[in-house]
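Structural characterization, general
In case you want the letters, here they are:
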Amino acid sequence: MGIPRPVLLTTAVSALAGTLLLAPLPATAAPGQDTRRPHPVRESGGPDTTAVPQKTTGTPGTSAPPAPRKDGGYPRRTVLDAPPENPADKSIKLGLAPYHSLAPRLNALQKLSDRVSVEVAGRSAAGHELYLVTVTAPENSRESREQDRMRELIEDSPAVAAKDPRITSSYKTPVFINNNIHGNEWEGTDAALKLIEELAKAKDGRTAGLLAKNRIYLNVTANPDGRIAGTRANGNGFDLNRDFITASQPETQAVRRIAVDKQPAVMLDLHGYVNGTLIEPTTPPHGENYEYDLFLKNSYANALGMEKAVNDLGYTPNKDGVEPPVIPFRDQQEGWDDWPPIFTPQYMAFQGAVASHTVEFPMRVNNNDYNNLPVEELRRRSAINTDIAGAVMRATLDYTLDHRASVIADQIETFRRGTAGEAQRPVSEETVPGVPGIGPEDVYTTSFPRAYVIPAGAGQGGSPTQGSESSATAAARLVDHLIANDVRVERARTGFRLAGRSYPAGSYIVDMHQAKRGLANVILDAGRDISADVSTMYDISGWSLGLLWGASVDTVQKADGGLHTIPTRPVQAASPTGAVTGHGDLRLRLADPKELAALNSLLAQGVRIRRAADGSAIVPASARREAAVLADRYGVAFTATKERGSGAVARTRVAAAVTSGEQFALREMGFEVLPVSTATLNAGFDWSKADVLYVSSGLQYGALNPAARSALDGFLAGGGGVVTLGATGAAFNTATGLLAVKPVAGNGDANGVVRVTNAGGPITGGAPAHTFVYSPLWFTDLGRGVRVEQSYGTGGPLVSGHWRAKEDGTGGPSDAAGRASVVSGTSAKGGSVVLFGTEPLFRDHPKGLFSQVGRALLGAAG
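Everything in this summary refers to the structure shown in the same document.

Conventions and cut-offs
Residues numbered from 1 in each chain as written. Predicted model: local features only at pLDDT ≥ 70, side-chain atom pairs only at ≥ 80, totals over all residues. Heavy atoms only, no water. Helix = DSSP H or I, 4+ residues; strand = E, 2+ residues; numbered from the N terminus. Buried < 20%, exposed > 50% of the residue type's maximum accessible area, 1.4 Å probe, protein only. Areas by Shrake-Rupley, 256 points an atom, 1.4 Å probe, with all protein chains shown as cover. Pairing = 2+ DSSP bridges. Right-handed = clockwise from strand over helix to strand, strands pointing away. Contact = heavy atoms within 4.5 Å. Axes fitted to C-alpha atoms, helices over the stretch in contact; angles between N-to-C directions.

Once that is clear, we can look at the overall build of the protein. Across its full length, the protein holds 27 helices and 36 strands. In terms of overall dimensions, the protein has C-alpha extents of about 80 × 70 × 60 Å along its principal axes. Counting all 862 residues of the protein, 59% fall into the buried class. For the protein, the exposed area adds up to about 30,500 Å²; of that, 51% sits on carbon and sulfur atoms.

Here you go:
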């Protein structure tokens, strides 16, 4: 995960020395430039005029390259095109492999033996290829098909799989090693390259047995953008290890596909830097949707093996500065949890992994250390980290080989419990023998509902969230997301009644008797308030897509036998939702990001749009053809209206001092975004290019130089609109004297899903009755003319997450209850102003909330 958590105290197998194949390029590499365009790839089975025909699949350790298979077996060779050399690649300074060296090395490794295959798993935000390496004993087409059959049987019919002797004897356990998901935590990549070469060349019987019984998948670098730039984030500015469950980024989507397609039983995610080496499993709270007894059994045992492998390398605090390894479950009380499904190893548990771990190397080489330490010291540290990464990889392979039968059996049992609808087994020293220290603080389970129903759309049955208008567009997005995560969804062929409610034909049903019920539940369920359970959390604690993505989702606790009487069909993709209905002018709701994108596309085409009283848009009949194209593209509905509307809606150019996630969401809605900051404005900014200013991060009015402040004041005096969010935005409003309100800060560590009451109208009309908060704010002492657009729910507004009062007793959810969370008004300077105390664009996640910001920007732009 990469950042030391608050409670942490910062306190084998050798490399293949002298191997030319894996020697890093020197710091004086030839000049070149990094290309941001994808490189062409020639896949096996297609024409490859550069390949030399071979008569044999080769023998390990020989120089004869194996011929590519064209029958679906292994090896599957991909000839990778290398990017130009880039001397600015940040890996070079550390003596590690720069990104441009990976393709040639992987091409050479494929030629080394018939055990190594390389595929392109996807592309990064900046267009760099993601290389997935498979290391296994060769398979002919029949053997590969049999492996596919067994993998599918394990998920589809786990009770049958548990009795299948072929699985017991012949199924290759999938092991997945993910490297470098944080771009400036480099060394997993280099350890992976060494491991691949070692496995390719080894001639001992244990390696042969390992590869005969396992498929080892290695994502060589999950974040090439960050590896090159030396940044934690990818090219879009996202922390990829916070993006699982949302999967907004191409890199996380690629890893999700690997998880679904390969079904790893064991997984490692390599990070840095925590000294000593941190090896999960974690502290409480543990995700309540896991089969945690099976998971803890394997993860703890594997952690002990990894700990021993690291200790056996012989590094010491006095000699090397390396502290002994730490296993949070054993060694810490709280603060390094596996509660949210946003991290890679935690997500993998929902895809069937019965052991998955974050491992943090000990020796820091990034950030200030990268900039300030001598190169010799950085390379010494990187070599230690690479050595430790290799040790934990090999220990994990040893564990998987030695416990192959039980690992496979536990994955099958995970899926069997789901399909059978059985209750979870709480962890205890009886249910997880051999793991010491299990106590009541480790018990987190849930009662799964019998099913979820996602009604077909607006006004078509179900029970839409109070105060919201259920959206077919949002329902389709949620269904497609479930399917992308390998959750099984069915669609009703006819109308039906279930648990006392009526639903129309076309409604979606998620039967919770399925292998990946934990993943279905973690996506759709409201979640849980865990504020009383622990004092601190590592990251977010609430994330419900069922409440935050804009679709109506009904929970069916008991089906009473009615579920199986409903005629359904399996869903491969949500049904189309785009439509243009009726005659005359058209209404576009603007309650979904796709509807904002359609609106901005119409405005960019010069269509004259009018504003309706409820915040929706009136599209003239003359633009029906353009509307039809966008209805098909975005899946949005244009409905007939007789309302004339008042005031024009103009194309909105947003000067945005925001986070990367917010910027990404704004562009997703089709806004023209002009990134600004204190430094940008101080360097000179042409305010004539902007229609509205949005401030949430990186802009302090008091830090502006006189010229920048004068220019900004001129924009505001001219009636320029402003939208702000959070503490930075509230401070900007106070400094500029725009709206007379008093911002009140809640606990800065608080986050989660909260109930709200929407006032309706142009900003929150049709909005969900829930929102997301992170360091929540509310507004009191409202001045004359300030309108409350949204308020926190009365009573206890927190539905799921972690929100305690501060040490002085203030800032808790009871203080926020009933207070204004979003306010608006007209400033003394004449501009429209909207202030958010919530986080409706957080990490591009809460899709159903995006439109609140989109509508605010449109209104503030005038």
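Relative to strand 26 (residues 672–675), strand 25 (residues 653–657) runs parallel, the two sharing four bridges. If you follow Ala 655 over to strand 26, its bridge partner there is Leu 674. Read from strand 25 through helix 21 (residues 660–668) to strand 26, the crossover connection turns out right-handed.

This part covers the environment of Val 799. By the element assignment, Val 799 lies in strand 34 (residues 798–802). The spacing of Val 799 and Arg 242 is 557 residues in sequence and 21 Å in space, taken between C-alpha atoms. Setting aside residues no more than four positions away along its own chain, Val 799 makes contact with Ala 526, Gly 527, Arg 528, Asp 529, Leu 547, Val 753, Val 754, Arg 755 and His 770.

What follows concerns the sheet that holds strand 7 (residues 266–272). Judged by pairing direction, the sheet is mixed, and its seven strands sit side by side in the order 3-4-6-5-7-11-8 without closing on themselves. The sheet terminates laterally at strand 3 (116–123) and strand 8 (278–279), the two strands that pair on one side only. Pairing between strand 3 and strand 4 (residues 129–135): seven bridges, direction antiparallel. Among the inter-strand pairings, Val 120 is bridged to a residue of strand 4, identified as Tyr 131. On top of the sheet, helix 14 (residues 375–402) reaches strand 5 (173–179), strand 6 (214–219), strand 7 and strand 11 (355–361); it is set at about 170° to strand 7, its chief contact.

Where burial is concerned, most of strand 11 is hidden: seven out of the seven residues are buried. Burial along strand 11 is two-sided: Ala 355, His 357, Val 359 and Phe 361 facing one way and Ser 356, Thr 358 and Glu 360 facing the other are all buried. Relative to strand 11, strand 7 runs parallel, the two being bridged by seven bridges. The residue of strand 11 that forms the bridge with His 271 is Glu 360. The sheet contact formed by strand 8 and strand 11 spans two bridges and is antiparallel. In the strand pairing of strand 11, Leu 278 is matched with Glu 360.

This part covers the sheet that holds strand 19 (residues 579–580). Strand order in this open sheet of six strands is 19-23-20-22-21-24, and the pairing throughout is mixed. On the outer flanks of this sheet lie strand 19 and strand 24 (648–649), each paired with one strand and no other.

Geometric values such as these leave the question of function open.
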